[in-house]
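Architecture and fold: a report
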Amino acid sequence: MGFPVTRLRRLRQSEQIRSLVRETHLSPNSFVYPMFVCPGEGVRKEVRSMPGVCNLSVDQAVKEAEEAHGLGVRSVILFGLPEAKDEVATGAWATDGIVQQAARAIKREIPELILMGDVCLCEYMSHGHCGVVRSRTPQSLGAAVANPPAVGTEYEIVNDASLELLARTSVSLARAGIDVIAPSDMMDGRVGAIRKGLDSAGFLNTPILSYAAKFASGFYGPFREAADSAPQFGDRRSYQMDGANVREAMREIELDIEEGADMIMVKPAMPYLDVIAAARERFDLPLAAYQVSGEYAMIEAAAQNNWIDRERVMMESLLSIRRAGASIILTYYAKEAARLLA
Ligand SMILES: [Zn+2]
């Protein structure tokens with residue numbers, strides 16, 4: 001039945017009718033708030049390219065988590081800026097690592113808040129890569145660790161040696177009180193290695209949210225300042241996905257599910273809404289999407305120039321991710337969006 005019998009504007013004539021027929025809804029329940037924890041006390045250092053986002057010392061991270069929780073956000077994800085970095089990412093898996101300290105402190109104050117722990121090595125490696133780096137010239141792994149390759153030399157991110165460190169990191173985080181393990185490194189086989197590590201340490205009930213389809217993206221730029229994790233040489237294209245590939249993304253997700261992922265993630269969100277939609281169509285696991293630093297920074301920069309309506313664009317961007325099919329949204333806007341939804 002076409003016009004004039006059908007008039008779609010009938011259902012748009014008031015906010016009451018529009019909200020009656022609205023197909024997609026946002027809720028603070030589905031937000032995960034990312035936080036960057038750094039050493040010190042009383043530290044709230046704003047990230048230059050992410051206005052409103054700070055590096056927080058443990059005491060401030062507790063306050064921030066309390067505020068988010070008070071606004072209805074049920075979950076935060078922790079990233080760490082360690083005191084020191086090395087070639088085996090000690091800060092990632094040490095019992096007194098910065099995220100481990102923050103996890104214990106937050107758990108003590110807000111036990112019901114779901115604590116997610118990002119599992120990667122880049123923030124803790126002096127070279128800034130997400131795995132163990134070895135020079136291409138043949139040598140033992142020990143020698144490679146002792147003599148990391150200089151800028152411009154041939155190097156390789158060693159997959160299987162990295163798995164052991166990722167599993168060790170996951171167990172250490174679970175011991176510190178992290179509720180959900182979220183590996184973001186993109187090494188092959190890491191979900192299986194982490195599941196095995198968690199199970200043999202007794203953490204049978206700790207779920208894994210895998211960054212299953214994580215693309216090598218220019219949209220991570222501001223995060224690297226926030227987490228001080230830019231690679232010192234080369235880039236991440238040998239492990240993160242090529243932005244052109246949606247079928248390969250489905251294979252990545254499928255493998256992670258086979259290895260035991262409980263929830264899956266697509267990252268970044270807005271430039272990859274089609275990947276989110278395809279994953280929603282194909283898989284039945286809870287699906288998360290990460291609205292990354294560059295997506296946030298673009299909205300903030302345009303709003304500072306009064307080129308866009310900040311709140312409106314913020315909510316529209318989150319709604320688009322939800323509509324594409326993500327049921328969980330990691331976003332720096334978690335607190336503010338929760339406030340607007342209240
Ligand atoms: Zn990484």
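Refer to the structure printed above.
Criteria and cut-off values
Residues numbered from 1 in each chain as written. Predicted model: local features only at pLDDT ≥ 70, side-chain atom pairs only at ≥ 80, totals over all residues. Heavy atoms only, no water. Helix = DSSP H or I, 4+ residues; strand = E, 2+ residues; numbered from the N terminus. Rg over C-alpha atoms; globule rule 2.2 N^0.38 Å. Buried < 20%, exposed > 50% of the residue type's maximum accessible area, 1.4 Å probe, protein only. Lys, Arg positive; Asp, Glu negative; His and termini not counted. Charge placed at Lys NZ, Arg CZ, Asp CG, Glu CD. Expected span 1.5 Å × (residues − 1). Contact = heavy atoms within 4.5 Å. Axes fitted to C-alpha atoms, helices over the stretch in contact; angles between N-to-C directions. Parallel < 35°, antiparallel > 145°, perpendicular 65-115°, else oblique. Left-handed = near helix turned anticlockwise from the far one by under 90°. Nonpolar A, V, L, I, M, F, W, Y, C, P; charged D, E, K, R; others polar. Core = buried A, V, L, I, M, F, W, Y, C linked by side-chain atoms within 4.5 Å. Patch = residues over 30% accessible without salt bridge, like charges linked within 9 Å, V, L, I, M, F, W, Y side chains within 5 Å. Areas by Shrake-Rupley, 256 points an atom, 1.4 Å probe, with all protein chains shown as cover. Salt bridge = Lys/Arg side-chain N within 4 Å of Asp/Glu carboxyl O.

Here's the deal with the overall build of the protein chain
When helices and strands are tallied, the protein chain shows 13 helices and 12 strands. Against the compact-globule benchmark of 20 Å for 342 residues, the protein chain has a radius of gyration of 21 Å, which places it among compact chains. Taken along its principal axes, the extent of the C-alpha atoms in the protein chain is 75 × 45 × 45 Å. Expressed as a percentage of its 342 residues, the buried residues of the protein chain come to 52%. The centroid of the 37 positive side-chain charges in the protein chain is displaced by 6 Å from the centroid of its 44 negative side-chain charges.

Focus on helix H6 (residues 159–176)
Between the first and last C-alpha of H6 there are 26 Å, a value that for 18 residues agrees with the 26 Å anticipated at 1.5 Å per step. For H6, the set of buried residues is Ser162, Leu163, Leu165, Leu166, Ala167, Thr169, Ser170, Val171, Ser172, Leu173, Ala174 and Ala176. Phi turns positive, to about 110 degrees, at Gly177, one or two residues after H6.

A short note on the side chain of Thr206
Tracing the chain through its elements places Thr206 in the loop between helix H7 (190–200) and strand S9 (209–214). Look past the residues within four positions of Thr206 in its chain and what remains in contact with it is Ala174, Ile178, Asp179, Ile181, Arg195 and Leu198.

Here's the deal with the packing of helix H9 (residues 246–259) against helix H10 (residues 273–282)
It is at 10 Å that the axes of H9 and H10 come closest, and there the two elements cross at 50 degrees. Comparing their axes, H10 and H9 come out oblique. The element H9 and its partner H10 pack so that their crossing is right-handed. Facing Val246, Ala249, Met250, Ile253 and Glu254 of H9, the residues of H10 in contact are Val275, Ala278, Ala279 and Arg282. For the contact of H9 with H10, the class distribution of residues is 7 nonpolar, no polar and 2 charged.

Details of the nonpolar core
Met35, Phe36, Leu78, Ile106, Ile276, Tyr290 and Leu318 are the most contacted members of the largest nonpolar core, which has 113 residues in total. Once residues within four sequence positions are removed from consideration, Phe36 is found in contact with Val53, Cys54, Asn55, Leu56, Phe79, Leu81, Phe223, Ala226, Ala227 and Tyr332.

Quick word on a positive patch on the surface
Together, Arg7, Arg9, Arg10 and Arg12 give the surface a local cluster of positive charge. Here Arg9 lies in the segment before helix H1 (15–20).

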